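Now for the letters of each chain:
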Amino acid sequence: MAAARLILFVVCASLISGSCGSESVHEGSVSRREHHGRRANRLKNGQTGMINFNNPEMLEELVSNGYANSENQPQTMMDLFKQEQPENAQTIMRDAALMAGKMRDLADREMGYREMQAIYDSLLYVDRAPNEEQQIQQLARRVRAKFSQYLRILSNNKAAVEDLYRIHRNTPLTGRQDCCQLPTDSTKFDNIFQSNISRSRVCERTSPVTPPEAFNPGRNLTQGFASNLQSFPSLKWQYFSSEEGVQTIYPATSYNDADYSVSCSEDLDVRSKSLYAATVRPQSKHVVIVIDRGSDVSDDLLNIAKKAAEIAVDTLSERDRIGVLSVSSTVQTCKEDNCYANQLAPATMETKSQLIRFIQSLKQDNGESNHTQVVNHAFDLMKNSIRTQGANALMKDAMIILYISSGHTSGPEEVKTVMNTIVDKNAQLNNKVIIMTYALVEDGKTGLDELAFLRDMAEQNSNKYQVIPSQLDTQPRKKGIMTVLNIISNLPSTVGRFYSILPNNMSVDPVFSLPYIDRIGSGLIMTITQACYYNNRLLGIVGIDLNMGDVLEDITYFEEGELSYAFMIDDQGYTLQHPTLPRPCFVNNQPMHADIGHFEQVPNFVDIRQSMISGESGRVKIEIPQNITVSLQNKVEKSMAFYTWKKIEMTPYSVCIVLVEQDFDMRHLRHISVPTGDKVVYHRLDILPTENLCMHLKQLATTESNTMMLSAGSFTAPFEHLSQDETKRMVQHYMAYLNDNTRLIANPGLKPAIKNDVAATSGIDKHWKNQVENSDIRDYVVRRYVATTNGVYRVYPGTLMDKSMDPTKQAWYSRAMDSPGQVTMSAPYLDVGGAGYIITLSHSVFEGSDSLPHSSSDRVVAVMGIDFTIGFFYKLILEMFPLCSEENIRCFILDDRGYLVAHPGLIEAGGRGPVEQTHLTHKEPLVANDILNHAGFVLKKLCNGYNDRTVQRFYHFNSSFHGILTNLVHGEHCSKYEITHIPGSNSFLGVVNQTCEDITAFCPCSMVDRLCLNCHRMEQTECECPCECSLELDQCSGHLKNHEERNPSCSIPTEPMKLPIIDPDIGTGLKQCFDPKCHQRQTKQECFGVLDCEWCELDSDGKTPLPKQYCATQRVCYGGVVGAFTPYADQIAADEKIPAVIQSAPVGPVAGGIMGCILVLGLIMYVYRQHVQRLRRQEFSHTPETSVRMSHLDNERDQDEDPADEHGTICHTNIIIATIEHQPHIEHRRQNARMWRGGGAESDHGYSTMTPHEDSEYVEPEPLSVEKSLIDPQPPPQTVLPSLSSTGCHQLQAPVQVHMVDLTC
């Protein structure tokens, strides 16, 4: 077929007669070029090119005829491919139909989809309608039971401290064990705490001002703390923080792994921390911090002022509101958010981080400090804050101004004006504002007048200055305190305790913090604290840290159908858990404290939110819009959902269950017995090994049968399963229960549906083993697997898995769930098991039904997958479509997000391997530029990622597209393409015919990270690589900026996978499960794509062709380069045979020694250079959306670096323009082609088009004309993001010369 197409092209181009006119050859052919004069005449007559789309009925007939012959038996794809085609057939659509048939064949035969579906269709089911009222009660009860246990522990610890103080008040306990002085051999690393600890003792951290006789009950608390941890292993740190500055912590830790802010290198006064302040003074605090940086403040004093302000900021919690002002001749506020000039913001971690950066940036000014202006501004902030919070805030909340100044004024008149301003402004707030002044004292410069001014400010001594009160001045003023600051030490014990001026209401109610990253160990935690008193004397607080994985497990693993979910918020509306957020155990960075309104965009949700934060219960039926989350866009067009919510008693939290209408018709499997002879084998082969143990690449495995793994969601207590080590006895209990058909063995803690899932999936083992033995493509298959929606995972070959792996959180699973009933493909990603880069085919399995065939609306009960080597699919393309091996032709497959699944650039020799998530814009920017003119085929979309605080820009290709998209008819492009959808899949087939030598198209991409180059503008027709911008939040109101609240939430990112840690002795001496016999494969055709084999083409320099090419394992020549670095760092170094060279040299001993030293130094420099390049690649590489990010280990060879661009840029000076050098596509040229990579040190700095043309101008390419019945011919609307007044960090400002893209040959 390919030869016929090329011959037809040549004949038609050369003949003058009408026998080979346009009627004979379809215009959709990539190989055809229209005569220049004929095109000119057509344009002159006003004719426009049209894309002719195939009749969908003809396509369906072609596909149906292609799957079966007259005997109703499947034909091979090559037989179908070789059938004669009609002259007017649109060949790429036929090719796509052939590829669809091959993919379906792989899913049915190799993966075993039809076998698995037949098993589920044969099973019996029981109807069960969900009861949302019963479910919300059960969920609330489970969460309340957890907190009841935690609060009981906290209460017991509180009672123990108070009893110890009462018993020993005459002879106080004072013994201490300094945490920073613990013996190194007394602690060991603990997986739960992620730090070196000692469970047998406590230790203390003390403030520098703590008196030696301070009460310290530490050692007497050890037994109680240890008993709590033994009874509740999910607990983390327990502590007592005293009012005298002693913190006792259990388990004892040396703080070696702690964050710098709490490490032993810093003085620690726990009383200056937000948890302590929020517990002993729980009222909400409105705080304005004023920093004097005028000409009378020296650099040393300014440093003291800045440090004091940082400590004061850190003292506040999210229930407080804060503002920071700096004053010299003018008043300045933080510019990171414009709202800081007019409002106080909640003291969340994001707000505090921004304000601390502002404080740290302050520098001394030459102007005199304008005290009147800054005092007036501070009171205005306070007034605006109270107004936004409501009338109750004025009655309940505390208001404090922290005034850090040298006290220098212009004279008595300014002092009187300041006092008059304080009196008038404070009277408007019922004299609720307390002023705390901190005098920056410098010897020989600070006088009594300055100190008197600051003292009078703190005491609001207006009588001294004969200030006449206003009529509003009816309430007594609250005096503050002046404190002298002249050294930077002890600031936490002074400024950090400013809240002690507030009245103590003796509250003993528990205080709950928002989730935060553990500063001592790691992981996401929250803290509950409670104040301790003895006869109205504050002793301190007790606290316990809770692992959020345990707290939220019932919300995280809530299951009731495919679309239903649960979420949890606090009484401020902050979201603790939502299905668009990752599992807590995978959160390593401080999460964004986002309001639930950002996640739930259903109409009238504001009423539900208000009811929840008010502590009410309720139920309402709401219509779900299509754009709730990205993951639901393909599943829900229009549906109804029931929101049912309830408050968790004794806590500030509420939970909500959302049951979607599609999940109401629920059916569950009846009791299934494990078939006779099908023994369940648990994946813990290291604990219970089978007879035929082997190594499947890097994984402990067995070929005897598949192995079954139970993910955390399979257990009734998921966190307990993840946090404790599995023992042999536990594994035996699992297997006994799952293999038991008598139902007499007790359930070891599994959910009720798990046993049926295990039994239902057990029948696939025989099919898999048969395919391994008889399949003609077994050399290209890595593994086969199936995962149920309840978390049961089977894999063949049976392999040991890491227990944290959840198959339902993997890309292949979510892709199949997004496209039920279709064969879905995933872009290449690095296999954690050692197979290199792989491609996954996956397919959903439907709930059993008597009415066949299944439809996409049926309920999905499982997803099957099969992993292939990356070379397999491109080899498949070359075998099915010989045209793709022609010199100027490039064929590719991409998924519905535009990521390439198969492309010649992904398998080129060069030792690098493909970068994960390589996009069409990276490898084929000309195609990407052109197709963006067709909104009906591809759209640029946005979604909000609240976990990493980004706005993601991505592409969505229309998988319902029927027809061919091409630039053949319109324009004289000498690089032509065709793209069409592969029926029954999420993928597209494309082909490019490139006949030009020097044509460049480009899509701008950042090479430093994934940041977009212009975050203030996004246009449909502008090509750019998938990228992200910062998700900007108005810190004062909590609303998103730039109208980003209109964007749906991004789906959960793929969770990373890792190899389990096993005893090295277990794998020693084990053979590989499958021997690919790479050394016996004599040709590239035999070697290419085979599992663990590489065709060695280039020498170790990555450029020189080998005199004799051969096949070897990827450790020998990864990517075709001898000795190249593998992504697993297990490469075999090339033998350079240096000693032989030295021996043959006719030189004396001295000269030989010199030459030897030179060679050694050269080798050292080479190794050093390679190491530095790898570090630079790691630093500059973007973060791909993949489960394993190891592309920075690819072996990047020495190349001539391009000169840096002379034009400057703002913020992002390292960008690369994804290009294609339009040269004939000869294989040996690809290795040096300048392709877009995920990172690296070799690039043009700035904004370069990498074009050879010097004097040219930009000519906007004309959009293609397309058929009206499919795509609207009107140009797509432009979306312009509002521009900020200040230059953002993502804004590109550089003089750019954009060269013309020559579109003619």
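So, here's what we can say about the structure. (Residues numbered from 1 in each chain as written. Predicted model: local features only at pLDDT ≥ 70, side-chain atom pairs only at ≥ 80, totals over all residues. Heavy atoms only, no water.)

### Some words on the pattern of salt bridges
This model, assessed by the stated rule, comprises 42 salt bridges. Across the pair Asp190 and Arg199 runs a salt bridge, and its minimum N-O distance is 2.9 Å. For Asp190, a relative accessible area of 13% gives the class buried. We classify Arg199 as partly exposed; its relative accessible area is 40%. The residue Lys464 makes a salt bridge to Asp456 at a minimum N-O spacing of 2.9 Å. Linked by salt bridges that have partners in common, Arg104, Asp108 and Arg114 make up one network. (Salt bridge = Lys/Arg side-chain N within 4 Å of Asp/Glu carboxyl O. Buried < 20%, exposed > 50% of the residue type's maximum accessible area, 1.4 Å probe, protein only.)

### Re the state of the cysteines
Following the criterion strictly, the structure yields 13 disulfides and no others. Two residues share a disulfide in this structure: Cys179 and Cys203, whose sulfurs sit 2.0 Å from each other. Between Cys179 and Cys203, the S-S torsion sits near 95 degrees, and that sign places the bridge as right-handed. In this pair, Cys179 sits in the loop between α7 (132-167) and β2 (188-190) while Cys203 sits in strand β4 (residues 203-206), placing the two residues 24 residues apart along the sequence. Residue Cys179 is classed as buried on the basis of its relative accessible area of 0%. What pairs with Cys1096 in a disulfide is Cys1117, and their sulfur atoms sit 1.9 Å apart. (Disulfide = S-S within 2.5 Å. Helix = DSSP H or I, 4+ residues; strand = E, 2+ residues; numbered from the N terminus.)

### Description of the packing of aromatic side chains
A full pass over the atoms with the stated rule returns 26 aromatic pairs. Taken together through their ring pairs, the aromatic side chains of Phe147, Tyr150, Phe512 and Tyr653 make up a single cluster. A cation over a ring is seen here: Arg667 above Tyr125, with NZ or CZ 4.3 Å from the ring centre. When the ring centre of Tyr737 is taken as origin, the NZ or CZ atom of Lys755, which lies over that ring, is 4.7 Å away. (Phe/Tyr/Trp six-rings, centres within 6.5 Å; stacked < 30°, edge-to-face > 60°. Lys NZ or Arg CZ within 6 Å of the ring centre and 35° of its normal.)

### Notes on the environment of Pro1053
Mapped onto the elements, Pro1053 comes out in the loop between β43 (1027-1030) and α29 (1064-1067). Residue classification places Pro1053 among the partly exposed positions, given a relative accessible area of 45%. Measuring from C-alpha to C-alpha, the distance between Pro1053 and Gly945 comes to 9.2 Å, with 108 residues separating the pair along the chain.

### Observations concerning the sheet that holds strand β35 (residues 889-895)
Read from one edge to the other, the open sheet built from five strands follows the order β36-β35-β41-β40-β39, with strand pairing classed as antiparallel. The two strands at the open ends of the sheet, each matched to only one other strand, are β36 (900-902) and β39 (965-966). Here strand β40 (residues 975-981) runs beside strand β41 (residues 987-994); their pairing, made up of seven bridges, is antiparallel. Among the inter-strand pairings, Thr980 is bridged to a residue of β41, identified as Leu989. Sheet contacts for helix α5 (residues 91-111): β35, β40 and β41; angle to β40, the most-contacted strand, approximately 45 degrees. (Pairing = 2+ DSSP bridges. Contact = heavy atoms within 4.5 Å. Axes fitted to C-alpha atoms, helices over the stretch in contact; angles between N-to-C directions.)

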